[in-house]
Amino acid sequence: MSDPIRVRLTGVGGYLPRDVVTNDDLARKFGIETSDEWIRTRTGIGQRHIASGDETTSSMAAEAARQALEYAGVDASQVDAVLVATATPDQVFPAVAVQVQAHLGMTAGFGFDISAACSGFVYALATATALMRSGQARKVLVIGSEVFSRLLDWTDRSTCVLFGDGAGAVLLETGAGEGEGVLSTHLHSDGRTGDLLYVDGAVGCPSTSQHLRMQGREVFRHAVVKLSQAVDEALEANGLTGQDIQWMVPHQANLRIIDGMAKKLALSADRVVVTVDRHANTSAASIPLALNEAVRDGRVRKGDLVLMEALGGGLTWGSALIRM
Ligand code: UT7
């Protein structure tokens, strides 16, 4: 019997907009009735990057993708597919992924977007892995890219202080050895909880606002329970325990949620990759941005076991385990 196709992660990249907005800037320059103290204590956020006019979901995604290709030493012409997780596409269509193909000069392969809000990167990773295991693609760019600053109601202090913009990318390639690469992914969604975190309108259901709305406290409550279940599921599927995990690279929504998950796994703080303090919540971009940072600064190394988990609007949630 031939060996099963295994998927390894060979490249990482990221892009953060030039403009940095601190919590104090929000209070002083933007006139929002908030404070650095409130935002830091409740969320761990100290600043966020905000896209300028020339920085779009597709341009940021393309830059993150370029870096991931360069890291892996792979030319764009060798890539079979581009998957972009985003809730903030430049246009309804063409998909951001297809626009990224054009940015990268790709003339072959295929691309499509994935809509799963803040869980989007885990969903895209799972989808790419499945495509690769079934033999439909051998090199796939998986990207999370978002401009949530353009989705926020800047008069709603309970949401506008929480998010930032950015893009992160990984390159996946077939050819991992046994026990290496993407070990498993676990996806969930429950539409009954759609009213806890949503955007109030879109082309198919027009509204005057089209802004992000969230019942923060309820989402927090679901996050603690559901992320915990998704992590248990990942460990159990691979016959592992929390002690086996070298790194947690979680979705970056709130430091209190991240700390809670680390505590559950008995992981010390220096084994958790945190960017929420500098990036805020970049939705589908947060995990690949955090991974990019930790790989490039030498924390996450070849052979390390990395756990990813995320929860977002839908609600959607999931986890992934990767041996780098
Ligand atoms: O990525 C998708 C997943 N998202 C998440 O996981 C987010 C989960 N939720 C959270 O992270 C937290 O619930 C928040 C950070 C959003 C909010 O923290 P909280 O401790 O749940 O606060 P709260 O919403 O219950 O608000 C507490 C108080 C309220 O005042 P009163 O009614 O107690 O007088 C708010 O009006 O804080 C007030 N408040 C603010 N004060 C200063 C809300 N926003 C602000 C603000 N600055 N920006």
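Residues numbered from 1 in each chain as written. Predicted model: local features only at pLDDT ≥ 70, side-chain atom pairs only at ≥ 80, totals over all residues. Heavy atoms only, no water.

1. Some remarks on the pairing of strand E5 (residues 110-114)
So the rule is basically this: Here, strands pair whenever DSSP counts at least two bridges between them. For helices the rule is a DSSP run of H or I covering at least 4 residues; for strands it is a run of E covering at least 2, with both sets numbered from the N terminus onward. When the strands point away from the viewer, a crossover counts as right-handed if the route from the first strand across the helix to the second turns clockwise.
Where strand E4 (residues 81-85) lies against E5, five bridges are found, and the strand directions are parallel. By the bridge assignment for E5, Ala85 is matched with Ile114. Read as a crossover between parallel neighbours, the route from E4 over helix H4 (residues 96-103) to E5 is right-handed.

2. Let's talk about the packing of helix H3 (residues 57-72) against H4
Going by this rule: Every axis in this analysis is a line fitted to C-alpha atoms, fitted for helices over the stretch in contact. Angles between the N-to-C directions lie between 0 and 180 degrees. Relative orientations are named as follows: roughly parallel for angles under 35 degrees, roughly antiparallel for angles over 145 degrees, roughly perpendicular for angles from 65 to 115 degrees, and oblique for any other angle. Should the near helix be turned counterclockwise from the far one by less than a right angle, the crossing is left-handed, whereas a clockwise turn marks it as right-handed. In what follows, residue pairs with any heavy atoms lying within 4.5 Å of each other are defined as contacts. Note that Gly is not counted as nonpolar here; it falls among the polar residues with everything else outside the nonpolar set of Ala, Val, Leu, Ile, Met, Phe, Trp, Tyr, Cys and Pro and the charged set of Asp, Glu, Lys and Arg.
At a minimum axis separation of 9 Å, H3 and H4 run at an interaxial angle of 55°. The angle between the axes of H3 and H4 places the two elements in the oblique class. Of the two elements, H3 crosses H4, and the hand of that crossing is right-handed. Judged by residue contacts, Thr57, Ser58, Ser59, Ala61, Ala62, Ala65 and Arg66 of H3 engage Val96, Gln99, Val100 and His103 from H4. Residues that form the contact of H3 with H4 fall into these classes: five nonpolar, five polar and one charged.

3. Brief notes about the sheet that holds strand E13 (residues 316-323)
One open sheet accounts for four strands, arranged E8-E13-E12-E11; its pairing is mixed. A single partner strand is all that each edge strand has here, and the edge strands are strand E8 (181-189) and strand E11 (247-250). Direction aside, neighbouring strands of the sheet carry axes that sit 15° apart on average. The pairing of E11 with strand E12 (residues 305-312) spans four bridges and is parallel. For Pro250, the partnering residue across the bridge sits in E12 and is Glu309. Helix-sheet contacts for helix H7 (residues 216-237) involve E8, E12 and E13, and the interaxial angle to E12 is about 145°.

4. A closer look at the side chain of Ser286
The cut-off we apply is this: Polar contacts here mean pairs of N or O atoms no more than 3.5 Å apart (in protein, one a potential hydrogen donor and the other a potential acceptor; neighbouring residues in sequence count only if both atoms are side-chain atoms).
By the secondary structure assignment, Ser286 is in helix H10 (residues 286-296). A polar side-chain atom of Ser286 sits 2.7 Å from a polar atom in the side chain of His251. In this structure, Ser286 is in contact with Pro250, His251 and Gln252, ignoring residues within four places of it in sequence.

5. Considerations on the side chain of Glu55
Secondary-structure assignment places Glu55 in the loop between strand E3 (47-50) and H3. At 3.2 Å, the side chain of Glu55 and the backbone nitrogen of Arg18 are in polar contact. Leaving out residues up to four positions away in the same chain, Glu55 has contacts with Tyr15, Pro17, Arg18, Ile50, Met60, Val147 and Arg150.

6. Things to note about the domain arrangement of the protein chain
Interface size is commonly expressed as the accessible surface area that is lost when the partners come together. Note the following rule: Segment limits for the domains were obtained from an automatic or database-derived domain assignment. Note on terms: buried area is the combined drop in 1.4 Å-probe accessible area of two parts once they are placed together, counting the loss on both. When a carboxyl oxygen of Asp or Glu lies within 4 Å of a side-chain nitrogen of Lys or Arg, that pair is called a salt bridge.
In terms of domains, the protein chain is made up of domain 1 (7-174) and domain 2 (181-323). Look at where the C-alpha atoms of domain 1 and domain 2 centre, and you get two points 15 Å apart. Residue-level contacts link 51 residues of domain 1 with 46 residues of domain 2. When domain 1 packs against domain 2, the two sides together hide about 3,800 Å² of surface, and 65% of this comes from carbon and sulfur. Contact with domain 2 buries surface across domain 1, with Cys118, Val122 and Tyr123 losing the most and accounting together for 16% of the total. Among the salt bridges present, the one from Asp153 reaches Arg213, with a minimum N-O distance of 2.9 Å. The tally of links between domain 1 and domain 2 comes to 21 residue pairs in polar contact (both at pLDDT 80 or more). Sorting the residues of the side of domain 1 that touches domain 2 by element identifies strand E1 (7-15), helix H2 (36-43), E3, H3, helix H5 (120-133), strand E6 (139-147) and strand E7 (165-174) as the ones contributing at least two each. Examining the composition of the side of domain 1 that touches domain 2, we find that eight residues originate from one element, H5, more than from any other. Across the side of domain 1 that touches domain 2, the residue classes tally to 25 nonpolar, 18 polar and eight charged.

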